[in-house]
Amino acid sequence: NHAMVGSAMPCLKSDPRYHEAWAKYLSEWMTAYEKAGVEVWGLTVQNEPAFYSNNGWEACSYTAAEERDFIKNHLGPQLESDFGE
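Residues numbered from 1 in each chain as written. Predicted model: local features only at pLDDT ≥ 70, side-chain atom pairs only at ≥ 80, totals over all residues. Heavy atoms only, no water.

Undergrad: I tried to follow the overall build of the chain on my own but got confused; where do I start?
TA: The number of helices and strands found in the chain is two helices and zero strands. With 85 residues in all, the chain has 27% of them scored as buried. Of all intrachain contacts in the chain linking residues separated by at least 6 positions in sequence, the fraction that spans at least 24 positions is 57%. Accessible surface for the chain amounts to roughly 5900 Å². Of this, 55% is attributable to carbon and sulfur atoms. (Helix = DSSP H or I, 4+ residues; strand = E, 2+ residues; numbered from the N terminus. Buried < 20%, exposed > 50% of the residue type's maximum accessible area, 1.4 Å probe, protein only. Contact = heavy atoms within 4.5 Å. Areas by Shrake-Rupley, 256 points an atom, 1.4 Å probe, with all protein chains shown as cover.)

Okay, here's the thing in structure tokens:
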């Protein structure tokens, strides 16, 4: 149903456009912070990593393999494209 709040896995829809959109969003967020003079030295792709269950708020619940695949196939290439090595 594409709901974000209360969805079992809101950031892990089977449609890869969601992965691409999330990677672009994170990269744009980093760009905006850096333009404002805030150096970004680290990033986590999962919020509330110690709380896997999504009980009423927007949260990304990745397994280790899903997080690896998202970084390898989407976020890593997006950040390399936007920021270089």
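Undergrad: So what exactly am I meant to see when it comes to helix α2 (residues 64-83) here?
TA: Two residues of an α-helix separated by three or four positions point the same way, owing to the 3.6 residues in each turn. Here α2 spans only 25 Å end to end across 20 residues, well under the 28 Å set by a 1.5 Å rise per residue. At I71, α2 shows its largest bend, some 45°. Every buried residue belonging to α2 is among F70, H74, L75, Q78 and L79, and all of these are buried. Contacts from the buried residues of α2 go to α1 (16-35). G84 lies just past α2 and shows a positive phi near 75°. (Expected span 1.5 Å × (residues − 1). Bend = angle between axes of the 7 residues up to and from the residue.)

Undergrad: Teacher, can you tell me more about the packing of α1 against α2 here?
TA: Relative orientation and spacing of two packed helices are given, respectively, by the angle between their axes and the distance between those axes. At a minimum axis separation of 9 Å, α1 and α2 run at an interaxial angle of 35°. In terms of crossing hand, the pair formed by α1 and α2 is right-handed. From α1, P16, H19, E20, W22, A23, K24, L26, S27, M30, T31 and E34 reach across to α2, where they touch F70, H74, L75, Q78, L79, D82 and F83. (Axes fitted to C-alpha atoms, helices over the stretch in contact; angles between N-to-C directions. Left-handed = near helix turned anticlockwise from the far one by under 90°.)

Undergrad: What's the story with the side chain of H74 in this structure? I'm lost.
TA: With respect to the secondary-structure elements, H74 resides in helix α2. Assessed through its relative accessible area of 18%, H74 is described here as buried. When sequence neighbours within four positions are dropped, the list of residues in contact with H74 reads P16, H19, E20, A23 and D69.

Undergrad: For this particular structure, what's the right way to read the environment of V45?
TA: Mapped onto the elements, V45 comes out in the loop between α1 and α2. Look at V45 and you get buried, because its relative accessible area is 5%.

Undergrad: Looking at this structure, how should I read a nonpolar patch on the surface?
TA: Side chains of Y25, W29, Y33, V38 and L43 sit close together on the surface and give an oily, nonpolar patch of about 440 Å² of accessible area. Position of L43 relative to the elements: it lies in the loop between α1 and α2. Given a relative accessible area of 34%, L43 falls into the partly exposed group. (Patch = residues over 30% accessible without salt bridge, like charges linked within 9 Å, V, L, I, M, F, W, Y side chains within 5 Å. Salt bridge = Lys/Arg side-chain N within 4 Å of Asp/Glu carboxyl O.)

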